[in-house]
Amino acid sequence: MKTKLFLIIISFLIQIKVYAQENLIVDKSIIDSNTKLICRNFPPDDDTYKNFNFIVENPVQIKRIISKLTLGENLTGNVLENPSIRISIIQNYKEIKFFYVNPTFETILINNKIYNFKIKKLKKISRNHHFNYKIEKIIFKNKEHYNEYLTTQKNDPTFLFDYSPQFKFEGSFNLQFKKSKTFNRVEDISRYILSVIEKHATRNEFDVTYTLIGINKTDPNQFTFEIKCSKELYEKLEFENLKKEEWKTITEQGVFFYKLN
């Protein structure tokens, strides 16, 4: 009887522990010596809620703070205020998890689910760990340029993390279709473009986009498509009775965050 009671108590304690972990903004087991807990404005260049900014870099303190950042009732919907507050888990200069806090509604958005969340918890942490930051937006021509710049930043003790460019496609070019019996709908033109490109490449090696802006908005007698791909693929493509416009290298932007104090 005592053994059975003991097993029941152990099972109950395990259930409590699991529930407690699920009731936190993040599982504490992911926290290590390379982790930073950062709370900041969102968008990052908006300072509406700058008084909530904080950074915690000691793993013991981070775990202690996370234990206090419990979730309330799971609500319906997934409202995101703008501006709002963003809580980030940073490891090795990269944001591995993030959550949005809606100060007006006192809710937090996690994995597309929204919960009640007491905003006063963040105020208390900010009083003890407040910091200010700056951001730099840098344009890169290619991944090599970005990697070189990032390596240099990691030698700066004030550097926190960055949002890296994607560099999924090397460049892009436009292709214009005069409106005709053959080409009078976006869907038909898209199918034609795909039929040509897929003879040379798989779907993940290019991107075809038609956007109702610029010339597509001002001139309804034509359709201009943007095609993103490599220079090698661009040179292989031939479209019947159509001239490819000049291929251009895609430049992308990286955003870098630095601690000011």
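Just so you know, these numbers come straight off a predicted model, no measurement behind them.

Quick look at the overall build of the protein chain
Here's step 1: Looking only at helices and strands, the protein chain features seven helices and 14 strands.
Here's step 2: Here the C-alpha atoms of the protein chain give a radius of gyration of 25 Å, more than 25% beyond the 18 Å that 2.2 N^0.38 yields for 261 residues.
Here's step 3: Looking at the protein chain residue by residue over its 261 residues, the buried ones come to 36%.
Here's step 4: Contacts in the protein chain between residues far apart in sequence, at least 24 positions, make up 71% of those at least 6 positions apart.
Here's step 5: Looking at the protein chain as shown, the accessible area adds up to about 16200 Å², and 51% of this sits on carbon and sulfur atoms.
Here's step 6: Here the protein chain carries 41 positive and 31 negative side-chain charges, and the mean point of each set is 9 Å from the other.

A closer look at helix α3 (residues 120-129)
Here's step 1: Burial in α3 covers these residues: Leu 122, Ile 125 and Ser 126. Angular distribution of buried residues about the axis of α3 spans 105°; they occupy a single face of the element. Counted as exposed and oriented over 90 degrees from the buried face of α3: Lys 120, Lys 124, Arg 127 and Asn 128.
Here's step 2: Against β1 (35-42), β2 (54-56), α2 (59-68), β4 (84-91) and β5 (94-102) lie the buried residues of α3.

Thoughts on the pattern of salt bridges
Here's step 1: With the rule as written, the count across this model stands at twelve salt bridges.
Here's step 2: Note that Glu 57 is salt-bridged to Lys 259, the shortest N-O span being 2.8 Å. Of the two residues, Glu 57 sits in the loop between β2 and α2 while Lys 259 sits in strand β14 (residues 252-259), which places them 202 residues apart along the sequence.
Here's step 3: Glu 57 gets classed as partly exposed once you look at its relative accessible area, which sits at 34%.
Here's step 4: Lys 259 sits in the partly exposed class, given a relative accessible area of 22%.

Some points on the side chain of Arg 40
Here's step 1: With respect to the helices and strands, the residue Arg 40 is situated in strand β1.
Here's step 2: Within the structure, Arg 40 has its side chain in polar contact with the side chain of Tyr 163 (distance 2.5 Å).
Here's step 3: Discounting residues that sit within four places of it in the chain, Arg 40 has contacts with Asn 53, Ser 84, Ile 85, Arg 86, Ser 88, Glu 95, Tyr 133, Phe 161, Tyr 163 and Phe 257.

Quick word on the side chain of Arg 86
Here's step 1: Inspection of the secondary structure assignment puts Arg 86 in strand β4.
Here's step 2: Setting aside chain neighbours within four positions, we find Arg 86 in contact with Ile 38, Cys 39, Arg 40, Phe 42, Glu 95, Phe 98, Phe 99, Tyr 100 and Tyr 163.

A word on the pairing of β4
Here's step 1: Burial of β4 is extensive: eight of the eight residues sit out of reach of the surface.
Here's step 2: By the bridge criterion, eight bridges tie β1 to β4 in an arrangement that is antiparallel. Bridge pairing links Asn 41 to Ile 85 in β4.
Here's step 3: With seven bridges connecting them, β4 and β5 associate as antiparallel partners. Bridge pairing links Ser 88 to Phe 98 in β5.

Notes on the sheet that holds β14
Within a beta sheet, neighbouring strands are joined by backbone hydrogen bonds and run either parallel or antiparallel to one another.
Here's step 1: Here we have three strands laid out as an open sheet, ordered β8-β14-β9, and antiparallel in their pairing. Edge positions in the sheet fall to β8 (133-140) and β9 (159-163), since each of these pairs with one other strand and no more. Taking the axes of each pair of neighbouring strands and ignoring which way they run, one obtains an average angle of 25° across the sheet.
Here's step 2: Of the strand pairs in this sheet, β9 and β14 are connected by four bridges, and their pairing is antiparallel. Residue pairing across strands places Asp 162 opposite Phe 256, the latter belonging to β14.

With respect to the environment of Ile 96
Here's step 1: In this fold, Ile 96 is placed in strand β5.
Here's step 2: For the pair Ile 96 and Leu 122, spaced 26 residues apart in the sequence, the C-alpha separation amounts to 20 Å.
Here's step 3: Excluding residues within four positions of it along the chain, Ile 96 makes contact with Ile 30, Ile 89 and Gln 91.

Considerations on the layout of surface pockets
Here's step 1: A volume near 260 Å³ is recorded for the largest pocket.
Here's step 2: Those elements giving two or more residues to the lining of the largest pocket turn out to be α2 and α3.
Here's step 3: Among the elements that make up the lining of the largest pocket, the one with the highest residue count is α3 (six residues).
Here's step 4: Of the residues belonging to the lining of the largest pocket, the class tally is three nonpolar, three polar and five charged.
Here's step 5: Size it by volume and the second largest pocket reaches roughly 210 Å³.
Here's step 6: Lining the second largest pocket are 13 residues, and of these Leu 24, Ile 25, Phe 99, Ile 110 and Asn 111 sit closest to its centre.
Here's step 7: When contributions to the lining of the second largest pocket are tallied by element, the ones reaching two or more residues are β5 and β7 (113-116).

The rules behind the values
Residues numbered from 1 in each chain as written. Predicted model: local features only at pLDDT ≥ 70, side-chain atom pairs only at ≥ 80, totals over all residues. Heavy atoms only, no water. Helix = DSSP H or I, 4+ residues; strand = E, 2+ residues; numbered from the N terminus. Rg over C-alpha atoms; globule rule 2.2 N^0.38 Å. Buried < 20%, exposed > 50% of the residue type's maximum accessible area, 1.4 Å probe, protein only. Contact = heavy atoms within 4.5 Å. Areas by Shrake-Rupley, 256 points an atom, 1.4 Å probe, with all protein chains shown as cover. Lys, Arg positive; Asp, Glu negative; His and termini not counted. Charge placed at Lys NZ, Arg CZ, Asp CG, Glu CD. Arc of directions from axis to C-beta. Salt bridge = Lys/Arg side-chain N within 4 Å of Asp/Glu carboxyl O. Polar contact = N/O pair within 3.5 Å; in protein donor to acceptor, adjacent residues only side chain to side chain. Pairing = 2+ DSSP bridges. Axes fitted to C-alpha atoms, helices over the stretch in contact; angles between N-to-C directions. 1 Å grid on protein atoms, 1.4 Å probe; cavity = no way out; pocket = protein on both sides within 12 Å on 5 of 7 lines; lining within 4 Å. Points joined across faces, edges and corners; volume = space filled by probe spheres on them. Nonpolar A, V, L, I, M, F, W, Y, C, P; charged D, E, K, R; others polar.

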